[in-house]
Amino acid sequence: MLVDGIEFTFAPEIAADDYQVILDCNFFRDWLSAVKSKFRVQKIHFASVDFFRKEHHPLFIKLSATATLPDNRPVNGIVVLRGNAVGVLVVLRCEGEKYLLLVRQPRLAISETTSLEIPAGILDWSGDYRKVALSELEEEAQIVADDSELIDLTEFWWKGSTPGFAGSCGLLDERIRLYAIERDVTREQLDAMNGKNQTYVEENEWIRTEVLPYEEAAHKFVDGKNLIALFLYERWLETRM
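Keep in mind that what you see is a predicted model, and the values were worked out from it rather than measured.

Caption draft 1: Geometry of the environment of W157. Among the secondary structure elements, W157 is positioned in helix 4 (residues 153-158). When its relative accessible area of 38% is taken as the criterion, W157 is described as partly exposed. For the pair formed by W157 and K98, sequence separation is 59 residues and the distance between their alpha carbons is 23 Å. When neighbours within four sequence positions are excluded, W157 is seen to be in contact with F231, L232 and R235.

Put into structure tokens, the structure is as follows:
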């Protein structure tokens, strides 16, 4: 299939009926548009595509591209596409101390059954980062928040020059936009937030909230978005002093 000068090919296991669905996928189109503005792309081969269970649209796309820089130097073309995402650092203040509300969930890729993370999610249903951030807070952390509570850490640090940070720029297209919220809570409220279970069978998500003292939590992080969100939040706090 030749479209706008680029040859598209598909692995045998990808159904022909899905070719156009893949090409019309929003995050693929956004990625291709950005790539074409800076690289010369001759060919794209779709190696595999995973679809959402409920709606038949792409969740992950693995491809290999034949592409060069403008001066014809070739570049590595193996890419996994999933679109952009959001993450929210939840800071709780109680009796003069600070805590973080986090979630634990299984992550097969890093061999962790209880990976410790900030609430986060991909833009699978909306292009509005703030709406998705609020939705993930409610879904994963059981916190109903107002838009006015969101502190846009990405905007604070990069001043609008990027939609988010790249967690694995050699392979993933994903940019993660980071936010924070701060809440004053009572001891009773703090205790009630700890140990809540959320089960989403359709997405194979088994989530449990965990409240940890602020300083203690920081030393338990291995997830990059946690560390970057914490760093940006600390820098933001410095501007408030």
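Caption draft 2: Representation of the environment of A180 within the structure. Mapped onto the fold, A180 is located in strand 12 (residues 175-184). Taking the C-alpha atoms as reference points, A180 and W236, 56 residues apart in sequence, are found 10 Å from one another. Sequence-distant contacts of A180, defined by excluding residues within four places in its chain, comprise V88, L89, E149, L150, I151, L153 and Y233.

Caption draft 3: Spotlight on the pattern of salt bridges. Enumeration over the complete set of coordinates arrives at 15 salt bridges. A salt bridge links R187 to E95; its shortest N-O distance comes to 3.2 Å. In this pair, R187 sits in helix 5 (residues 187-193) while E95 sits in the loop between strand 6 (85-94) and strand 7 (97-107), placing the two residues 92 residues apart along the sequence. You can call R187 partly exposed: its relative accessible area is 30%. Measuring nitrogen to oxygen at the nearest pair gives 3.0 Å for the salt bridge that ties D152 to R177. Highlighted residues: D152 in strand 10 (residues 151-152) and R177 in strand 12, separated in sequence by 25 residues.

Conventions used here
Residues numbered from 1 in each chain as written. Predicted model: local features only at pLDDT ≥ 70, side-chain atom pairs only at ≥ 80, totals over all residues. Heavy atoms only, no water. Helix = DSSP H or I, 4+ residues; strand = E, 2+ residues; numbered from the N terminus. Buried < 20%, exposed > 50% of the residue type's maximum accessible area, 1.4 Å probe, protein only. Contact = heavy atoms within 4.5 Å. Salt bridge = Lys/Arg side-chain N within 4 Å of Asp/Glu carboxyl O.

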